[in-house]
Amino acid sequence: MAMRVPGVAIGLLIISVIGLSQTAPSGTGAHTKTATPFDHRNLTGKYHRESEFQTYSNVPGGANELQAFLLGQAPAPRKLNVPTEEAPFTAAGQAAFDKNIPSYGRRITEPKLGNDPQGMCDPWGVPRMLNGQVAGPHSTLELLQTPGRTFMFSEWHHDYRVIYTDGRKLPALDEVEPRWNGYSVGQWEGNTFVVKSLGFDERTWLDHNGYPHTDQMQLEERYRKLDADTLELTETITDPQYYSRPFKSDRKIWKLIKDGAKGWDEQIYCVPSEEFKFNKLIRDGGAGKPQ
Amino acid sequence: MKRQCLLLFACWTVLLICVPAMAHHGTSVTYETGKTITLTGTVTEFSFSYPHPQLYFDVKDATGTVQHWGSEFGPTPLMMKNMNAGWSRDSIKRGDAVTITCNPHKTPGATVCLTKELIINGKPLALTAGAQPAVGNKKE
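None of the values given here were measured: they were computed from a predicted structure. (Residues numbered from 1 in each chain as written. Chains lettered and ligands numbered in written order. Predicted model: local features only at pLDDT ≥ 70, side-chain atom pairs only at ≥ 80, totals over all residues. Heavy atoms only, no water.)

Visitor: An account of the state of the cysteines is needed here, citing residue identities and associated values.
Guide: Evaluation of the coordinates by the stated rule reveals two disulfides over all chains. Bridging A:Cys121 to A:Cys270, the disulfide has an S-S length of 2.0 Å. Taking the torsion about the sulfur-sulfur bond, which here is approximately -75°, the covalent link between A:Cys121 and A:Cys270 counts as left-handed. One end of the pair, A:Cys121, is in the loop between helix 3 (91-99) and helix 4 (128-131); the other, A:Cys270, is in the loop between strand 10 (252-256) and helix 5 (272-283), and 149 residues separate them in sequence. In terms of burial, A:Cys121 and A:Cys270 fall into one category: buried. In this model B:Cys102 forms its disulfide with B:Cys113; the gap between the sulfur atoms is 2.2 Å. The sign of the -80° torsion about the S-S bond sets the B:Cys102-B:Cys113 disulfide as left-handed. Placement of the pair is B:Cys102 in strand 4 (residues 97-104) and B:Cys113 in strand 5 (residues 112-120), with a sequence separation of 11 residues. (Disulfide = S-S within 2.5 Å. Helix = DSSP H or I, 4+ residues; strand = E, 2+ residues; numbered from the N terminus. Buried < 20%, exposed > 50% of the residue type's maximum accessible area, 1.4 Å probe, protein only.)

Visitor: Talk me through the pairing of strand 1 (residues 45-49) of chain A; I want residue IDs and the actual numbers.
Guide: Residue and element names in this part refer to chain A. Of all five residues in strand 1, four are buried, a share of seventy percent or more. Where strand 1 and strand 2 (residues 140-146) come together, four bridges link them in antiparallel fashion. Bridged to His48 within strand 2 is Thr140. (Pairing = 2+ DSSP bridges.)

Visitor: Account for the nonpolar core, naming residues and giving values.
Guide: For soluble globular proteins, the rule of thumb is that nonpolar side chains tend to be buried together. Ranked by size, the top nonpolar core spans 21 residues in total, and within it B:Leu39, B:Leu55, B:Ile92 and B:Leu118 carry the most contacts. Residue assignment for this core shows that the elements contributing at least two residues are strand 1 (37-47), strand 2 (54-60), strand 4 and strand 5 of chain B. For this core, the element with the most residues is strand 1 of chain B, which contributes four residues. Membership of the second largest hydrophobic core comes to 17 residues, among which are A:Val59, A:Ala87, A:Phe200 and A:Tyr243. (Core = buried A, V, L, I, M, F, W, Y, C linked by side-chain atoms within 4.5 Å.)

Note that every value here comes from positions in space, so none of it alone points to a role or purpose.
What follows is the structure, encoded as structure tokens:
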């Protein structure tokens, strides 16, 4: 038994060194106050969303209730791990929100009566990619840190974005054409990975509930590892035309899937021809009608 | 007059099927989650596609009239996981006998439902991740 203690210690040391060697330059070293050392700046890995899948700000009535219904289960009790906040809409923001008729959440509407971009398999964009996923296998998010760039891959829609970490500055809003995922740069502030973005296509929504934004929106994401397997994300948008003040999301929690690399990727594309058939024949009730 | 009588008969039949089964709670924009119906028919298509697999089948009513029905399953990725639990996208084929228990669509007259229990050629199939069918069903 006496020989096992140094063996474990050596093992942990090896794991720690390997972890450090695979990540972006840290400068902070491994955490020493927890039982398992980990590198705060190693974000690479495949994660599963653990916190509630509701809305950008976690107000009641979101996608996980629908998911539970589809599975024939009672919705899981909400963890309420964070304060929730209703959107501080301006009058224009409220009007834009009212025009967005989603296929999910508390304002869920049949596809034929709504205008959710999902119904056309349009890109979710950022930040819906972060907020719109439902509980279950759709919800994986994979991060890959490389020199100068961090890639973020969302399994649902099989889409990815690039966060530039090569030191470049964000362009001015009037210098860029809006894009689905905007323009993003990231840098470390202590052990928090801070991503700042702008230049978003205003056809996308913040989440499944149809929160709108303009092409003047600026987004800040803050990623922080709470332990070796837990990733925290909070978002803040600044979009004065639609929101009267900076609007902060709830606290999103992601768990590392330790065997995430073992399985095959699911390749959950949104396929327009399949989506249209499903909506027409099933959700809109047309299976028995002449086609 | 004859058409009105047939319509009345059809509505009465639907009521007879649905009302006794009102037991569950829950809400949805698409389905009557508090009602279940049981249908028996013949598979015309099994579409294992995004975002939810769909089963299409024909049901004959008492007069011999064929109705085209469609039903949906849980999200496709979950159903893909179910493949590991004993069935595959080939487990349901055109011409198979199907008995399905499901929640009917909210739209009056829509022959669409949400699958809750499924029996193909006499064998139950598990529908949710991790669930096992009532009767063992080895992958064919």
